[in-house]
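Below are the chains, spelled out letter by letter.
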Amino acid sequence: MSTIGFIGLGNMGHPMAANLVKAGHTVQGFDLVTANLETAGTNGVTVMANAAAAVKGADAVVTMLPAGKHVLSVHEDIAPAMKKGALLIDCSTIDVGSARAAHAIAAKHGLLSIDAPVSGGVGGAAAGTLTFMAGGSKEAFAAAEPVLDPMAGKVVHCGDAGNGQAAKICNNMILGISMIGVGEAFVLAEKLGLSHQALFDVASTSSGQCWSLTTYCPVPGPVPTSPANRDYAPGFAAALMLKDLRLAQEAAQSSGAITPLGAEAAQLYALFESAGNGGKDFSGIVNFLRGK
Ligand code: NAD
């Protein structure tokens, strides 16, 4: 079993690190927030005094941080302290440009690296069933697979450096747009006197079928496990959806892709957030579409 450094023990990082401990790895963890360090410590993570100490002697290091600027600053800090040839895995959701810059920092210090953002939320992190979308060389991916395995339901190699982040923002742009589409359909159905259940029974077995409808149905009733049944407690918070839609728009602008529905979805989620709904599940946008 290996020694793994883990930086960023927040909502996602702490259960992910706990699953690495359960798999028998020695996990050396660090976070800026003392309470997060204490929680990680109770789950078997060896708490370290700083990031450089957490990566010392590690075969692999995982970072799970808020945004690109945090990742680049932490990677600049830890890369020189890591063992030559060790593996640096960033699981945060960040912009493609910063992800590629993080790979360059790793290469400069003789490290293997992979960008491996996740889908599955805090539930998937706790259950060890996250989907990892990985970008990097074949060699780095082969080294990363056994490290990611105890935290994963599925690990997909999406191509070279940055392609994990590219896959993540493309997927979440589909999700943001499709949730608005499903919400609009329920709002229209209400106006037309069609029940939620009748629309669900038809659309879930017809061409309107999609994950936003069948797994995460934005109105209470048809899918008892969806956040709509618990007053839109997340789940996947609207603020995180807005973050991902903005990353997608940034990438669309820098690459010249035309994504009008992605742009509209980003604007609607920005309005939803500024109305005080950032902490609600993103499926709560249906209430906003009703004008509530
Ligand atoms: P979080 O804010 O709970 O955790 C981030 C942690 O990083 C915090 O504990 C913070 O103290 C720590 N941190 C920040 N700067 C640091 C530094 N310099 N050194 C050490 N620690 C530092 O966020 P989260 O929900 O765990 O999300 C982490 C990443 O995963 C984000 O990029 C997010 O977009 C992505 N993500 C989140 C979810 C979700 O459902 N929460 C789902 C998929 C992806």
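Residues numbered from 1 in each chain as written. Predicted model: local features only at pLDDT ≥ 70, side-chain atom pairs only at ≥ 80, totals over all residues. Heavy atoms only, no water.

### Observations concerning the pattern of salt bridges
Inspection of every chain in the model, using the stated rule, returns three salt bridges. We note a salt bridge from K83 to D59, for which the minimum N-O separation is 2.8 Å. Placement of K83 in the loop between helix 4 (68-78) and strand 5 (87-90) and of D59 in the loop between helix 3 (51-55) and strand 4 (60-63) is noted, with a sequence separation of 24 residues between them. The partner of D231 in a salt bridge is K280, with the nearest N and O atoms 3.7 Å apart. Pair noted here: D231 is in the loop between helix 10 (211-214) and helix 11 (238-255) and K280 is in the loop between helix 12 (260-277) and helix 13 (285-289), with a separation of 49 residues, a long-range link. When its relative accessible area of 29% is taken as the criterion, K280 is described as partly exposed. (Salt bridge = Lys/Arg side-chain N within 4 Å of Asp/Glu carboxyl O. Helix = DSSP H or I, 4+ residues; strand = E, 2+ residues; numbered from the N terminus. Buried < 20%, exposed > 50% of the residue type's maximum accessible area, 1.4 Å probe, protein only.)

### Describing the site of the ligand
Taken together, 22 residues lie around the ligand, and M12, D31, N36, L65 and K243 are the ones closest in. Here L65 contributes a backbone N or O atom positioned 2.9 Å from an oxygen atom of the ligand. Within the contact set of the ligand, an oxygen atom lies 2.9 Å away from a side-chain nitrogen or oxygen of K243. Within the complex, 85% of the 830 Å² of free accessible area of the ligand lies under protein. Only helix 6 (121-127) and helix 11 provide two or more residues apiece to the shell around the ligand. (Near = heavy atom within 4 Å. Polar contact = N/O pair within 3.5 Å; in protein donor to acceptor, adjacent residues only side chain to side chain. Areas by Shrake-Rupley, 256 points an atom, 1.4 Å probe, with all protein chains shown as cover.)

### Structural notes on the side chain of H103
Mapped onto the elements, H103 comes out in helix 5 (residues 96-108). Relative accessible area serves as the criterion here: at 10%, H103 is assigned to the buried category. When near neighbours in sequence (up to four residues on either side) are disregarded, H103 contacts S113, I114, D115, G135, G136, A161 and G162. (Contact = heavy atoms within 4.5 Å.)

### What about the packing of helix 8 (residues 163-192) against helix 11?
At a minimum axis separation of 9 Å, helix 8 and helix 11 run at an interaxial angle of 120°. As far as their axial angle goes, helix 11 and helix 8 are oblique. Judged by the twist between their axes, the crossing of helix 8 over helix 11 is left-handed. In this structure, helix 8 contributes K168, I169, N172, M173, L175 and G176 to the contact, and helix 11 contributes M241, D244, L245, L247, A248, Q249 and A251. (Axes fitted to C-alpha atoms, helices over the stretch in contact; angles between N-to-C directions. Parallel < 35°, antiparallel > 145°, perpendicular 65-115°, else oblique. Left-handed = near helix turned anticlockwise from the far one by under 90°.)

### Points about the state of the cysteines
Under the criterion given, the structure shown has zero disulfides. Here C158 stays free of any disulfide, with the sulfur of C170 as its closest cysteine sulfur at 9.9 Å. The thiol of C217 is not disulfide-bonded; the next cysteine sulfur, from C210, is found 9.7 Å away. By relative accessible area, C217 is classed as buried at 0%. (Disulfide = S-S within 2.5 Å.)

### Overview of the layout of surface pockets
The space that makes up the largest pocket amounts to roughly 1,300 Å³. Surrounding the largest pocket, 49 residues form its lining, M12, M64, T93, F236 and L240 being those nearest its centre. Mapped by element, the contributors of at least two residues to the lining of the largest pocket are helix 4, strand 7 (118-119), helix 6, helix 8, helix 10 and helix 11. With six residues, the top contributor of residues to the lining of the largest pocket is helix 8. A breakdown of the residues in the lining of the largest pocket according to their chemical character gives 25 nonpolar, 19 polar and five charged. A domain split of the lining of the largest pocket shows at least three residues from each of domain 1 (3-160) and domain 2 (166-289). The wall of the second largest pocket is formed by V96, A166, I169, C170, M173, A248, A251, A252, S255, A257 and T259. Going through the elements one at a time, helix 8 and helix 11 are the ones with two or more residues in the lining of the second largest pocket. In the lining of the second largest pocket, the residues fall into nine nonpolar, two polar and no charged. (1 Å grid on protein atoms, 1.4 Å probe; cavity = no way out; pocket = protein on both sides within 12 Å on 5 of 7 lines; lining within 4 Å. Points joined across faces, edges and corners; volume = space filled by probe spheres on them. Nonpolar A, V, L, I, M, F, W, Y, C, P; charged D, E, K, R; others polar. Domains from an automatic or database assignment.)

### Description of unusual backbone geometry
Note that the residue after P234, namely G235, is joined by a cis bond; omega there is 10°. Looking at the element boundaries, G235 is found in the loop between helix 10 and helix 11. One non-glycine residue with positive phi stands out, namely D231, at about 55°. Judged by relative accessible area, which is 54%, D231 ranks as exposed. Its identity is not glycine, yet Y232 carries a phi of approximately 65°, on the positive side. Along the chain, the position of Y232 falls in the loop between helix 10 and helix 11.

Worth remembering: the numbers are spatial, not functional.
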